[in-house]
Amino acid sequence: MNPTFSNWSGFITSKPEKILSIANIDQAKEAVNYAQEKDLRIRTVGATHSHSPLFTNDGGMIITTDELIGPITVDEEKQTVTIPAGIKLKMATRELWENGFSFTNQGDVDVQSIAGLIATGVHGTGITHPSISSHVRDVSILTAGNTRIRASDNYETLEAARLNLGVLGIVLDATFSVTPRFYLHEHNWQENIDDLVARVDALVAENDHFEFFWNVDGVETAYAKTLNPHEGPPDSLPELKGQYVDRAHIVFPSERTMKHTEMEYSVPFESGLECFQQIRTLIRKGTHNILWPVEYRTVAPDNGWISPARDRKTVTISVHQGTGEPHEPFFREAEQIFLSYDGRPHWGKVHYLDREQLSGIYGDGWEKFWDVQRKLDPKGVFVNEYMQSLKPR
């Protein structure tokens, strides 16, 4: 009987024939050789923090990268850092700080592996801040031909590698542009949702980072947060409610320990509040018992081929449900609202789109991405059944 492998929440499971852990390139090469000898598809995983079936690989091989770690390499002159693929973001940012640098932005958790960040297009919030993939300067990949390549040697390869869905090969390390380390001042507060919505655009414009959560609680409360650069040092600011100053990598992430599943769509910034209000109306109807919050963030435009923020300022709206509660009817209804606002799904979260819909959303970017994939992996060694169902024919 094949072992069961699950994502972090236990909600998505897979029964691969083989699970291997790699700690270096030699072990990675051995794994690729073994898989091809046995005619097994390969998927690699890091923190398993995805809510999508990206990693599932029934009857194939799952390679874990928790041990694919080592020291980070900082280039002070170029202001870049190269990080082994298996290191978790929390540890990488701590070491980066010790070397005098920070990421310009981070998501609201820091448990992901470095390779996972760029496999799924992780982002934070801030209308002047693009996704983390936008800061990728190079990626080292072991291809299906068991050859190590540097993505920066070829423009198309680098563009595909920035947000790669795990289908190009085994990511060994990634290089990012970084900035001199800085502190952040956080201010969090509660406010009536209608009052907050009336000034959301101003809060987005006036703060480096802004986000809010809303959930049905009987009194229509929103939970808002701003983050802005600060000269430091760390300060608990006891005289100011909901405010403090600390190192950027400490302030960016939050604790997210409750198991859940999640859908997130990116919509044009100009439609963000209207779309949020439609999702709010859906939840308030009470057809679906949704007690988990809706999250509202912003992302700067970028030019990534399959980036949800491609060529437009973006609002991201996330809906959640506990793993023990029914989610699909609600998620499917929410997805139709998102799509009506020209929404694009987060690659690491739930969506129900097929290859034709994704091709329609990303157009030539979708085709270019898969052209690179076919060149690096012509036999589809790194394409699981789920990704095969989305791959252009």
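Before any of the text, the structure's been laid out above.
Keep in mind it's a predicted model, so treat the numbers as computed, not measured. Along each chain, numbering runs from 1 in the same order as the chain's sequence is written. This being a predicted model, a pLDDT of at least 70 is required before a residue's local features are given, and a value of 80 or more before pairs of side-chain atoms are given or counted; all residues contribute to the totals for chains, interfaces and linings. Where side-chain values are given, they derive from all heavy atoms of the structure, hydrogens and water being excluded.

1. What about unusual backbone geometry?
Here's step 1: Residue P233 is reached from G232 by a cis peptide bond, and omega for that bond is 0 degrees.
Here's step 2: Only DSSP runs of H or I with at least four residues qualify as helices, and only runs of E with at least two residues qualify as strands; both kinds are numbered from the N terminus onward. Structurally, the position occupied by P233 is in the loop between β15 (221–230) and β16 (243–247).
Here's step 3: Not every positive phi belongs to a glycine, and L165 is a case in point at roughly 55 degrees.
Here's step 4: Relative to the elements of secondary structure, L165 occurs in the loop between α4 (155–162) and β11 (170–177).
Here's step 5: Accessibility here uses a 1.4 Å probe with only protein chains present; expressed as a share of the type maximum, an area under 20% marks a residue as buried, one over 50% as exposed, and anything in between as partly exposed. Residue class for L165 comes out buried when judged on its relative accessible area of 1%.

2. Thoughts on the sheet that holds strand β4 (residues 42–45)
Here's step 1: Pairing between strands is defined by DSSP: at least two bridges between the two strands are required. Overall, parallel pairing links the three strands, which are arranged β3-β5-β4 in an open sheet. A single partner strand is all that each edge strand has here, and the edge strands are β3 (18–21) and β4. Strand-to-strand twist across the sheet, computed as the mean angle between neighbouring axes with direction ignored, equals 25 degrees.
Here's step 2: For β3 and strand β5 (residues 61–64), the ladder comprises four bridges, and the chain directions are parallel. Bridged to I19 within β5 is I62.
Here's step 3: Any pair of residues with heavy atoms lying within 4.5 Å of one another is described as a contacting pair. Only the contacting stretch of a helix is used when fitting its axis, a line to C-alpha atoms as for every element, and angles between N-to-C directions run 0 to 180 degrees. Of the strands in this sheet, β3, β4 and β5 are in contact with helix α1 (residues 25–37), which crosses β5 at around 175 degrees.

3. A word on the sheet that holds strand β17 (residues 260–268)
Here's step 1: Overall, antiparallel pairing links the eight strands, which are arranged β16-β13-β15-β14-β18-β19-β17-β20 in an open sheet. Unpaired on one side and paired on the other, β16 and β20 (344–345) mark the two borders of the sheet.
Here's step 2: Judged from the 10 bridges that link them, strand β13 (residues 183–192) and β15 form a sheet pairing that is antiparallel. Residue pairing for β15: L184 is matched across the bridge by P229.
Here's step 3: Running at roughly 10 degrees to β17, helix α9 (residues 328–340) makes contact with β17 and β19 (314–322) of the sheet.

4. Things to note about α4
Here's step 1: Among the eight residues that make up α4, six are buried, leaving the element largely enclosed by the rest of the structure.
Here's step 2: Among the residues of α4, T157, L158, E159, A160, A161 and R162 are the ones counted as buried.
Here's step 3: Whenever two N or O atoms come within 3.5 Å, that pair is a polar contact, provided that in protein one can donate a hydrogen and the other can accept it, and provided that, for residues adjacent in sequence, both atoms are side-chain atoms. The N-terminus of α4 is capped by N154, whose side-chain oxygen sits 3.0 Å from the backbone nitrogen of E156.

5. Here's the deal with the pattern of salt bridges
Here's step 1: The rule for a salt bridge is simple: a side-chain nitrogen of Lys or Arg has to be within 4 Å of a carboxyl oxygen of Asp or Glu. Under the criterion given, the structure shown has 25 salt bridges.
Here's step 2: E220 serves as the salt-bridge partner of R284, at 3.3 Å between the closest nitrogen and oxygen. Residue R284 is found in helix α8 (residues 272–284), and its partner E220 is found in the loop between β14 (209–214) and β15; the two are separated by 64 residues along the sequence.
Here's step 3: Between R312 and D342 there is a salt bridge whose closest N-O contact spans 2.9 Å. In this pair, R312 sits in the loop between β18 (294–299) and β19 while D342 sits in the loop between α9 and β20, placing the two residues 30 residues apart along the sequence.
Here's step 4: Overlapping salt bridges, with partners in common, bring together D108, R256, E262, E264, E295, R297 and K349 in one network.

6. Description of the packing of α4 against helix α11 (residues 364–376)
Here's step 1: α11 packs onto α4 with a crossing angle of 105 degrees between their chain directions and a minimal axis gap of 9 Å. Classified by the angle their axes make, α4 and α11 are roughly perpendicular. Contacts from E156, T157 and A160 in α4 reach F369, V372 and L376 in α11.
Here's step 2: Partitioned by chemical class, the residues of the contact of α4 with α11 number four nonpolar, one polar and one charged. Should an angle lie under 35 degrees it is considered roughly parallel, over 145 roughly antiparallel, and from 65 to 115 roughly perpendicular; all remaining angles are considered oblique. Each residue is assigned to one class: nonpolar for Ala, Val, Leu, Ile, Met, Phe, Trp, Tyr, Cys and Pro, charged for Asp, Glu, Lys and Arg, and polar for all the others, Gly among them.

7. Overview of the side chain of H209
Here's step 1: When you line up the elements, H209 lands in strand β14.
Here's step 2: Using a relative accessible area of 1% as the deciding quantity, one classes H209 as buried.
Here's step 3: There is a polar contact of 2.7 Å between the side chain of H209 and the backbone oxygen of T125.
Here's step 4: Residue contacts for H209: discarding those within four places in its chain leaves T104, N105, T125, G126, H129, L184, K225, T226, L227 and F252.

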